[in-house]
Amino acid sequence: MTFTANRLLLFGATGDLSQRMLLPSLCALDADDLLGADLKIIGTARTEMSDGDFRNFAREALEKYLPRDRRGGMADFLNRLTYQSLDALTEEGYRELADKVGDPSGGLAIFLSTAPSLFEPTIAGLDKVGLASENVRIGLEKPLGTDLASSQEINDAVASAFDESRIYRIDHYLGKETVQNLLALRFANIMLEPVWNSNYVEHVQITVAETVGLESRVAYYDDSGALRDMVQNHMLQLLALVAMEPPTSFDATAIRDEKVKVLRALRSVDAADTVRGQYRAGAIDGKSVPGYDEELGKDSDTETFVAIKAHVDNWRWKGVPFYMRTGKRLPERTTEIVVQFRGIPHSIFEERGAHTKPNQLVIGIQPQENIQLSMMAKMPGLDREGIRLRSVPLDIAMPDAFTGTHRRIAYERLLLDLIEGDQTLFVRRDEIEAQWEWIDAIREQWKGEGAKPKPYSAGSWGPSAAIALTERNGVSWHE
Ligand code: BG6
């Protein structure tokens, strides 16, 4: 049902995500007059706080995390906020929460980010006090389970109170402008689609590299590891957007139908086509940083780096490897997709001593937001010694192409869609379950092998085995 919510209930309101992303995103939307005048925002968490305390807490978060030029109207925004503490395991707690929220019939959007073990009691608690009725939709933040079985349990629990059309599973990568731009690049241009297949594409690379280490999320990260933290969600969503067939329309069902077909066509990966790594002490930007074990304070077999050679077994992508890699404490923060095209079938330049290089499309997602297509061009000159060709980039820097627009936090887009009711950029149940199924099969193999993650120095591009993974097919990772 389409409705614009006039109440937003934020679980985990005093948490890290709320401080760094949710409150700043909402304030920025408010500054641009994108929140309805009557929207009330109710924060809830375990901590006892008054409305005034919560407003002070929010003000501090905004001053820390939202650029000054986007804080216009902060005072009005803070006035929208109220707070109710909640013990998520008592019925009384939900009754008090319902009183604070008030009548949800005008439309309530709930943003739920909670420990996986609290999903069931929270949904049941909301349902009991009428906060799961027809006019309520719910956004779910990861981690939505730790494997297929636990993800199904969460999905079943949520489905017992909300139908799928009211469930918004968040993958914040889908809120990134440049990720959405993949759809425009592929489906708003005629040139790419005819060559976007195994006849013309030799391989695809997806890199999500981070310089940060464990940060403060010790317990969560050590239980999760890079495969479940990054590949299961963000990287598989990127892969699905790159590999999907053209949808028939720009709507949630059409787009998600095509993505899930790709996820289901992923071939089970052989352990030999995966690399697990864990960082040791090293240096990032010239500064020494400790190893993972030291940061954690104990030995651990959790991987902080993964590289995988994947295949999408369908007509379009038969035989095209999709190389993925992600890791913490890599030399730079980069998310990019590289589409490597095949060479030309016949070169007229060889006899003149010139070689051609296959075209390559690089889609920079962050921090560089750009699209680069390498093209062969003749170098200027009389060519008396032979023709000289060089690969030069056609380069579109998005910030230059769209000056005067500001970059939005991914959560601005996602929170607005949650409030207004557009599911296009949210993950459907069948997608997330297909993602888990593929990831579980990899973990099973790792378990069977009992292999420890391979060490790599912080500030390097992961274990040497990750280089070998592509090199054995004559491919180098893009740098
Ligand atoms: C989160 C992961 O989902 O994504 C983090 O849990 C990771 O470990 C983060 O750092 C990366 O997001 P972004 O937007 O900074 O690329």
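If you're wondering where the values come from, they're calculated on a predicted model, not measured in any experiment.

Draft legend 1. Representation of the site of the ligand. Neighbouring the ligand are the residues Lys142, His172, Tyr173, Lys176, Glu210, Arg217, Asp229, Met230, His234, Lys328, Arg333 and Gln366. Taking Tyr173, its side chain carries an N or O atom lying 2.5 Å from an oxygen atom of the ligand. For the ligand, an oxygen atom lies 2.7 Å from a polar atom in the side chain of His234. Look at the ligand: alone it shows 400 Å² of surface, and the protein chains cover 83% of it. When residues in the shell around the ligand are grouped by element, the largest group, three residues, is from helix H8 (residues 218–243). When grouped by side-chain class, the residues that make up the shell around the ligand number two nonpolar, three polar and seven charged.

Draft legend 2. Quick peek at the UniProt feature "domain: Glucose-6-phosphate dehydrogenase NAD-binding" (unreviewed entry) in the chain. Per the UniProt annotation, the sites labelled "domain: Glucose-6-phosphate dehydrogenase NAD-binding" (unreviewed entry) are residues 10–181. Taken end to end, residues 10–181 is 44% helix and 15% strand, and its first and last C-alpha atoms sit 29 Å apart.

Draft legend 3. Highlighting the side chain of Thr302. Within the element layout of this structure, Thr302 appears in the loop between helix H10 (292–296) and strand S11 (305–311). Residue classification places Thr302 among the buried residues on the basis of a relative accessible area of 10%. For Thr302, the residues in contact, after removing those within four places along its chain, are Tyr221, Asp222, Gly225, Arg276, Gln278, Tyr292 and Pro453.

Draft legend 4. Structural detail: the domain arrangement of the chain. Splitting the chain by domain gives domain 1 (7–170) and domain 2 (174–406 + 424–472). Across the boundary between the two partners, domain 1 contributes 18 residues, which contact 16 residues of domain 2. Of all residues in domain 1, Lys142, Leu148 and Arg169 give up the largest surface area on contact with domain 2, accounting jointly for 36% of the area buried on that side. At the surface where domain 1 touches domain 2, the tally comes to two salt bridges. A salt bridge links Lys142 to Asp229, with the nearest nitrogen and oxygen atoms 2.8 Å apart.

Draft legend 5. Broad picture of the layout of surface pockets. Taken as a whole, the second largest pocket spans an internal volume of roughly 590 Å³. Lining the second largest pocket are 28 residues; nearest its centre among them are Leu192, Phe341, Asn359, Leu373 and Met375. Those elements giving two or more residues to the lining of the second largest pocket turn out to be helix H7 (177–187), strand S15 (370–378) and strand S16 (389–397). Top contributing element to the lining of the second largest pocket by residue count: S15, with four residues.

Draft legend 6. Structural detail: the sheet that holds strand S2 (residues 40–45). Strand order across the open sheet formed by six strands is S3-S2-S1-S4-S5-S6, with parallel pairing between neighbours. Looking at which strands have only one partner, the edges of the open sheet turn out to be strand S3 (81–85) and strand S6 (167–169). The average angle at which neighbouring strand axes cross in this sheet is 20°, direction not considered. In this structure, strand S5 (residues 136–140) lies alongside S6, joined through three bridges in parallel fashion.

Draft legend 7. Molecular detail of empty space enclosed by the protein. All chains considered together, the criterion is met by one cavity of 30 Å³ or more. Reported here for the largest cavity is a volume of approximately 60 Å³. Taken together, Leu174, Val179, Gln180, Leu183, Leu241, Ile255, Lys259, Thr424 and Leu425 make up the lining of the largest cavity. At the level of elements, H7 and helix H9 (252–264) are the ones that each hand at least two residues to the lining of the largest cavity. By residue number, the principal contributor to the lining of the largest cavity is H7, which donates three residues. Residue composition of the lining of the largest cavity, by class: six nonpolar, two polar and one charged.

Draft legend 8. Quick look at the nonpolar core. Formed by 139 residues in total, the largest nonpolar core has its most connected members in Leu9, Ile138, Phe322, Ile337 and Trp438. Here the element with the most residues in this core is H8; it accounts for 13 residues. Here this core spans two domains, since at least three of its residues come from each of domain 1 (7–170) and domain 2 (174–406 + 424–472). Aside from chain neighbours lying at most four places away, what touches Phe322 is Val204, Leu239, Val242, Ala243, Ile308, Lys309, Ala310, Val312 and Trp317.

How each quantity is defined
- Residues numbered from 1 in each chain as written.
- Predicted model: local features only at pLDDT ≥ 70, side-chain atom pairs only at ≥ 80, totals over all residues.
- Heavy atoms only, no water.
- Near = heavy atom within 4 Å.
- Polar contact = N/O pair within 3.5 Å; in protein donor to acceptor, adjacent residues only side chain to side chain.
- Areas by Shrake-Rupley, 256 points an atom, 1.4 Å probe, with all protein chains shown as cover.
- Helix = DSSP H or I, 4+ residues; strand = E, 2+ residues; numbered from the N terminus.
- Nonpolar A, V, L, I, M, F, W, Y, C, P; charged D, E, K, R; others polar.
- UniProt positions renumbered as here; feature names shortened; annotations may be inferred.
- Buried < 20%, exposed > 50% of the residue type's maximum accessible area, 1.4 Å probe, protein only.
- Contact = heavy atoms within 4.5 Å.
- Domains from an automatic or database assignment.
- Buried area = accessible area lost by both parts, 1.4 Å probe.
- Salt bridge = Lys/Arg side-chain N within 4 Å of Asp/Glu carboxyl O.
- 1 Å grid on protein atoms, 1.4 Å probe; cavity = no way out; pocket = protein on both sides within 12 Å on 5 of 7 lines; lining within 4 Å.
- Points joined across faces, edges and corners; volume = space filled by probe spheres on them.
- Pairing = 2+ DSSP bridges.
- Axes fitted to C-alpha atoms, helices over the stretch in contact; angles between N-to-C directions.
- Core = buried A, V, L, I, M, F, W, Y, C linked by side-chain atoms within 4.5 Å.

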